[in-house]
Protein chains: 2
Amino acid sequence: MADDLDALLTDSKRASRALGVAPAGQRHEAIRAIATAIERATDRILAANAEDLERGRESGLAEGMLDRLLLDERRIAGLAAAARALAELPDPIGEVLRERTLPNGLELTEVRVPFGVVGVIYEARPNVTVDLACIGLGSGNAVVLRGGSAAERTNAALVEAIQDAVEGEGLPREVVQTIDRFGRDGAGRLMRARGLIDLLVPRGSAALIDRVVTESTVPVIETGAGVVHAFVDRAADLPMALDIVLNAKTQRTSVCNALETLLVHRDIAETAVPTIAVALQQAGVTIHADGALPGVDAAAPLGDGGWATEHLSMDVAIGVVDDLDAAIEHVNAFGTHHTDTIITDDEDAAARFLAEVDSAVVMHNASTRFTDGGEFGFGAEVGISTQKAHARGPMGLPELTSTKWIVRGTGQVRA
Amino acid sequence: MADDLDALLTDSKRASRALGVAPAGQRHEAIRAIATAIERATDRILAANAEDLERGRESGLAEGMLDRLLLDERRIAGLAAAARALAELPDPIGEVLRERTLPNGLELTEVRVPFGVVGVIYEARPNVTVDLACIGLGSGNAVVLRGGSAAERTNAALVEAIQDAVEGEGLPREVVQTIDRFGRDGAGRLMRARGLIDLLVPRGSAALIDRVVTESTVPVIETGAGVVHAFVDRAADLPMALDIVLNAKTQRTSVCNALETLLVHRDIAETAVPTIAVALQQAGVTIHADGALPGVDAAAPLGDGGWATEHLSMDVAIGVVDDLDAAIEHVNAFGTHHTDTIITDDEDAAARFLAEVDSAVVMHNASTRFTDGGEFGFGAEVGISTQKAHARGPMGLPELTSTKWIVRGTGQVRA
């Protein structure tokens with residue numbers, strides 16, 4: 001099995017070389033062919049999915065996991081439509097980022113190039129398999145997918161259809177490969193495949209991401225974890241604050257851009273906290289605090305992680321802070337540098353919050369739920385980077401590219 | 001000691017927040033103040049350097065290391081001049097990279113921001129200490145420097161002068177700190193300081209870089225190792241090839257952009273190999289091969305690493321390849337993705353080489369010695385990245401920055 005995986009990764013690397021010089025038109029045709037292929041293979045894919053679902057139920061997979069694992073005709077049609085839309089996006093490859101001519105006549109051009117082979121580790125979400133195959137083609141990268149044993153049969157059926165489609169467009173089928181069959185060991189070896197994997201993106205639980213960051217010797221983009229804050233400043237428009245907080249907390253709770261902590265300026269806490277808390281409670285949200293809150297009876301204690309808890313559920317922590325400085329300090333200390341918003345009519349306070357909060361996305365008078373590749377108009381999203389190196393925030397096609405300096409001379413040598 | 005290092009890194013993080021919002025003018029003044037400070041402290045710095053040199057001689061440090069460790073008045077004046085030049089470079093911070101207004105009225109702006117705290121691990125090169133302090137200020141980053149125990153006293157004297165200068169300009173002195181006194185353990189803990197170190201750059205030996213890449217849980221930029229190739233195509237201008245190969249191999253040998261492997265197209269090998277080989281031998285270069293070479297008597301065997309050997313000395317490996325495809329395959333298989341050049345008058349061959357060789361810098365008819373931040377006009381260089389994530393090739397000030405999305409709304413919530 002060991003040799004199999006090495007051979008597989010070597011095939012990916014070889015395939016990436018061919019893909020890297022394939023014209024955008026061919027890559028876009030391959031994406032469209034994938035859309036058609038998964039539609040045509042719907043029956044086979046759903047049969048495989050039914051097997052995965054049955055195994056999942058037998059092994060006691062949680063309902064939420066089973067729902068994410070589930071494919072049906074409507075979901076497959078949605079994946080195909082998303083693929084076709086992605087094929088319309090501008091091609092990032094070859095874009096000229098910087099150009100200069102040196103005094104000695106050397107012409108320097110910095111252009112966007114694909115990474116080569118991008119590995120992605122995720123869990124039981126077969127829709128991601130199709131997305132990533134298409135994003136890979138859109139950015140000129142071969143992808144090696146580790147989608148989790150719970151979705152192994154579904155992913156295998158999808159990847160087979162994808163590979164056939166890609167091959168039909170004259171590209172090597174190995175530009176998209178799955179390593180689910182290698183189990184947990186496969187993920188670990190992906191993390192150490194220096195020279196074969198150019199970038200590794202973990203998507204999923206904090207535990208998964210921690211493991212990848214700790215074990216990986218290939219460059220990693222850390223994604224996802226979102227201890228997201230809203231700060232209701234003393235100069236906030238209270239109805240606006242209420243709207244934004246309710247939306248950020250309740251519109252969808254299991255996502256990384258959902259609100260986890262509400263901070264309220266002490267000067268308005270007596271009115272703002274009860275107003276917002278009651279509305280949240282009426283919406284079914286449990287309020288957590290580390291002590292008494294104005295007008296809130298019996299707040300629950302903070303989660304196990306204290307102020308750094310990511311609930312991903314109908315729970316929110318509320319804290320009262322002395323001033324803007326304390327709010328900024330709190331966010332930087334306990335947040336995950338994902339998304340944080342200030343609600344205020346004070347432009348100076350907003351400017352300071354936007355400058356001093358050290359997060360991928362900082363907002364003024366907007367819901368944190370907007371941190372999303374689709375909402376940002378990226379068309380496709382690989383994940384949301386919470387690290388500062390390479391890419392920060394939602395990652396679309398350009399974020400899956402590297403660069404290269406091309407130097408053209410006429411025999412120049414260095415003096 | 002453990003608590004000391006944690007406290008030191010926490011101080012760096014706090015200082016980075018102040019530096020991150022300091023205006024460019026103040027940061028540039030601080031760089032100029034550093035230039036003046038190290039000039040004024042020359043006596044104290046040279047005294048500390050003399051102690052390091054004596055300890056180095058006693059412990060049997062190699063002559064090359066001792067030379068890199070040595071400071072004198074001329075070198076200090078050079079460092080001050082370089083610092084003053086760096087203070088004239090454009091400020092990358094706040095640069096707007098992308099802007100868009102969404103249909104719902106949200107205004108998105110992507111701006112350059114500092115990383116925060118950048119750690120650098122290097123070996124016995126006190127000049128790098130001054131460079132990095134200034135590059136940090138120029139890019140808005142606090143730096144934590146691990147410059148090696150051999151240079152501990154020199155670095156301490158330099159950092160003291162630097163900190164006084166920075167403080168004199170109203171910035172926290174902790175924006176530049178050294179952890180040499182924590183020894184090897186300090187480097188290891190830097191690698192695992194998630195949340196405190198935003199980026200780690202190892203500079204130095206392949207062994208050091210390997211250790212950092214393997215052990216680090218913070219984002220790393222891999223730098224340096226250069227198994228650099230020149231391919232003399234069948235359509236090469238032979239005198240030009242000779243010039244470039246001689247320059248790339250012999251102009252300076254201990255650097256990562258020096259030539260290590262010369263590949264020659266079989267169609268011209270009978271004339272090109274002897275011509276170039278004789279010139280290299282006359283220049284004092286030892287030729288290595290894995291068999292007989294046309295017109296070369298008694299080539300030495302390849303190094304221990306075979307075709308992947310980085311000699312960093314007056315040694316070169318020469319190979320004959322069947323064609324352009326074989327050359328590209330050889331470079332991608334055995335190179336370190338640093339810099340590779342093709343010498344040819346055939347534009348099609350050049351275009352293929354530039355597109356298909358997977359290196360940070362690819363060249364046509366130019367010496368590989370030009371891969372350098374100074375030569376590229378960057379003004380300052382942190383190192384040369386050989387990885388694809390974040391930065392590739394010479395790293396100047398913009399490469400030491402991250403980005404941030406600023407979202408300005410008027411109460412927008414997600415539907």
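All values reported here derive from a predicted model rather than from experimental measurement.

Caption draft 1: Structural detail: the relation of the copies chain A and chain B. Note on the identical chains: chain A maps onto chain B by a rotation of 180° and an axial translation of 0.0 Å, with an RMSD of 0.0 Å. The operation mapping one copy onto its partner corresponds to a two-fold rotation axis. Among all residues of chain A, the minimum C-alpha distance to the rotation axis is found for A:His390, at 1.7 Å. Both copies share a contact surface, since 100% of the interface residues of chain A are interface residues in chain B too.

Caption draft 2: Examining the interface of chain A and chain B more closely. Each partner contributes to the interface: chain A provides 72 residues, whereas chain B provides 72 residues. Here chain A and chain B share 12 salt bridges between them. Where B:Glu399 meets A:Arg98, a salt bridge forms, and the shortest distance between an N and an O atom there is 2.7 Å. Here chain A and chain B share 51 residue pairs in polar contact (both at pLDDT 80 or more) between them. Those elements that provide at least two residues to the side of chain A that touches chain B are α1 (2-20), β1 (96-101), β2 (107-114), α9 (206-215), α10 (238-250), α13 (347-356), β12 (361-366) and β15 (401-412) of chain A. Grouping the amino acids of the side of chain A that touches chain B by side-chain chemistry returns 30 nonpolar, 22 polar and 20 charged. Taken together, the 5 bridges between β12(A) and strand β15 (residues 401-412) of chain B define a ladder with parallel strand orientation. The partner of A:His364 across the bridge, within β15(B), is B:Arg408.

Caption draft 3: Here's a closer look at helix α2 (residues 24-40) of chain A. The terminal C-alpha atoms of α2(A) lie 24 Å apart, and with 17 residues this matches the ideal 24 Å at 1.5 Å per residue to within 8%. Every buried residue belonging to α2(A) is among A:Arg27, A:His28, A:Ala30, A:Ile31, A:Ala33, A:Ile34, A:Ala35, A:Ala37 and A:Ile38, and all of these are buried.

Caption draft 4: Molecular detail of the pairing of strand β12 (residues 361-366) of chain B. Residues and elements named next belong to chain B. Summarising burial for β12: 6 of the 6 residues are buried, a large majority. The sheet contact formed by strand β11 (residues 339-343) and β12 spans 4 bridges and is parallel. Across the sheet, Ile-342 pairs through a bridge with His-364, a residue of β12.

Caption draft 5: Broad picture of the sheet that holds strand β10 (residues 315-321) of chain B. Reading across the sheet, the 9 strands line up as β1(A)-β2(A)-β15(A)-β12(B)-β11(B)-β7(B)-β8(B)-β10(B)-β9(B) and stay open at both edges, with mixed pairing between neighbours. At either end of the open sheet lies a strand with only one pairing partner, and these are β1 of chain A together with β9 (286-288) of chain B. Taking the axes of each pair of neighbouring strands and ignoring which way they run, one obtains an average angle of 20° across the sheet. Inspection of the sheet shows strand β8 (residues 259-265) of chain B paired to β10(B) by 5 bridges, in the parallel sense. Bridged to B:Leu262 within β10(B) is B:Ile318.

Caption draft 6: Here's a closer look at the sheet that holds strand β8 (residues 259-265) of chain A. Overall, mixed pairing links the 9 strands, which are arranged β9(A)-β10(A)-β8(A)-β7(A)-β11(A)-β12(A)-β15(B)-β2(B)-β1(B) in an open sheet. In the strand order of this sheet, the two ends are held by β9 (286-288) of chain A together with β1 (96-101) of chain B, each with one partner. Averaged over all adjacent pairs, the angle separating strand axes in this sheet is 20°, with direction ignored. In this structure, β1(B) lies alongside strand β2 (residues 107-114) of chain B, joined through 5 bridges in antiparallel fashion. In the sheet register, B:Val96 faces β2(B), and the bridge partner there is B:Val111. Contacts from α10(A) reach β7 (228-232), β8, β10 (315-321), β11 (339-343) and β12 of chain A together with β15 of chain B, with the element oriented near 160° to β8(A). Across the sheet, α13(A) lies against β7, β11 and β12 of chain A together with β15 of chain B, angled at about 160° from β12(A), the strand it touches most.

Caption draft 7: Local environment of a negative patch on the surface. On the surface, a cluster of negative charge is made up of A:Asp237, A:Asp243, A:Asp345, A:Glu347 and A:Asp348. For A:Glu347, a relative accessible area of 54% translates into the label exposed.

Caption draft 8: Unusual backbone geometry, seen in detail. All names here are of chain B. Residue His-337 is not a glycine yet carries a positive backbone phi of 60°. Along the chain, the position of His-337 falls in the loop between α12 (324-334) and β11. Its relative accessible area of 23% is what places His-337 among the partly exposed residues. At Asn-365, a residue that is not glycine, the phi angle is positive and equals roughly 55°.

Caption draft 9: View of the domain arrangement of chain A. Here chain A is partitioned into domain 1 (2-222 + 392-408) and domain 2 (228-370). Its C-alpha centre places domain 1 of chain A at a distance of 35 Å from the equivalent point of domain 2 of chain A.

Caption draft 10: How the structure looks around the environment of B:Asn155. Residues and elements named next belong to chain B. Mapped onto the elements, Asn-155 comes out in helix α7 (residues 152-168). Linking Asn-155 and Val-96, residues 59 residues apart in sequence, is a C-alpha distance of 36 Å. Those residues in contact with Asn-155, other than ones at most four positions away along the chain, are Tyr-122, Pro-126, Thr-129, Gly-147, Gly-148 and Asp-180. For Asn-155, the side chain forms a polar contact with the side chain of Asp-180, separated by 2.9 Å.

Caption draft 11: A look at the pairing of β15(B). Residues and elements named next belong to chain B. For β15, the tally of buried residues reaches 10 of 12 residues, placing the bulk of the element in the interior. The sheet contact formed by β2 and β15 spans 8 bridges and is antiparallel. Looking at the pairing, Arg-112 lines up with Thr-403 of β15.

Caption draft 12: The arrangement of the nonpolar core in detail. A:Ile34, A:Ile38, A:Leu137, A:Ile197 and A:Leu200 are the most contacted members of the largest nonpolar core, which has 75 residues in total. With near-sequence residues (within four places) excluded, A:Leu200 lies in contact with A:Gly119, A:Val120, A:Ile121, A:Leu190, A:Met191, A:Val212, A:Ser216, A:Val218, A:Pro219, A:Val220 and A:Ile221.

Caption draft 13: Fine view of the pattern of salt bridges. Summed over the entire model, instances satisfying the criterion amount to 60 salt bridges over all chains. As a salt-bridge pair, A:Arg55 and A:Asp52 come within 3.1 Å of each other at their nearest N and O atoms. Note that A:Arg55 and A:Asp52 are positioned in helix α3 (residues 42-58) at a spacing of 3 residues, about one turn of the helix. With relative accessibility at 31%, the residue A:Arg55 sits in the partly exposed group. Among the ionic pairs, B:Lys13 bridges to B:Asp198, the shortest N-O distance being 2.9 Å. One end of the pair, B:Lys13, is in helix α1 (residues 2-20); the other, B:Asp198, is in the loop between α8 (183-191) and β6 (199-202), with 185 residues separating them in the sequence. B:Lys13 sits in the buried class, given a relative accessible area of 10%. Here B:Asp198 falls in the buried class, since its relative accessible area comes to 11%. Via salt bridges that share partners, A:Lys13, A:Arg17, A:Asp198, B:Asp358, B:Lys388 and B:Arg392 belong to a single interconnected network.

Parameters and conventions
- Residues numbered from 1 in each chain as written.
- Chains lettered and ligands numbered in written order.
- Predicted model: local features only at pLDDT ≥ 70, side-chain atom pairs only at ≥ 80, totals over all residues.
- Heavy atoms only, no water.
- Least-squares fit on C-alpha atoms with pLDDT ≥ 70 in both.
- Contact = heavy atoms within 4.5 Å.
- Salt bridge = Lys/Arg side-chain N within 4 Å of Asp/Glu carboxyl O.
- Polar contact = N/O pair within 3.5 Å; in protein donor to acceptor, adjacent residues only side chain to side chain.
- Helix = DSSP H or I, 4+ residues; strand = E, 2+ residues; numbered from the N terminus.
- Nonpolar A, V, L, I, M, F, W, Y, C, P; charged D, E, K, R; others polar.
- Pairing = 2+ DSSP bridges.
- Expected span 1.5 Å × (residues − 1).
- Buried < 20%, exposed > 50% of the residue type's maximum accessible area, 1.4 Å probe, protein only.
- Axes fitted to C-alpha atoms, helices over the stretch in contact; angles between N-to-C directions.
- Patch = residues over 30% accessible without salt bridge, like charges linked within 9 Å, V, L, I, M, F, W, Y side chains within 5 Å.
- Areas by Shrake-Rupley, 256 points an atom, 1.4 Å probe, with all protein chains shown as cover.
- Lys, Arg positive; Asp, Glu negative; His and termini not counted.
- Charge placed at Lys NZ, Arg CZ, Asp CG, Glu CD.
- Domains from an automatic or database assignment.
- Core = buried A, V, L, I, M, F, W, Y, C linked by side-chain atoms within 4.5 Å.

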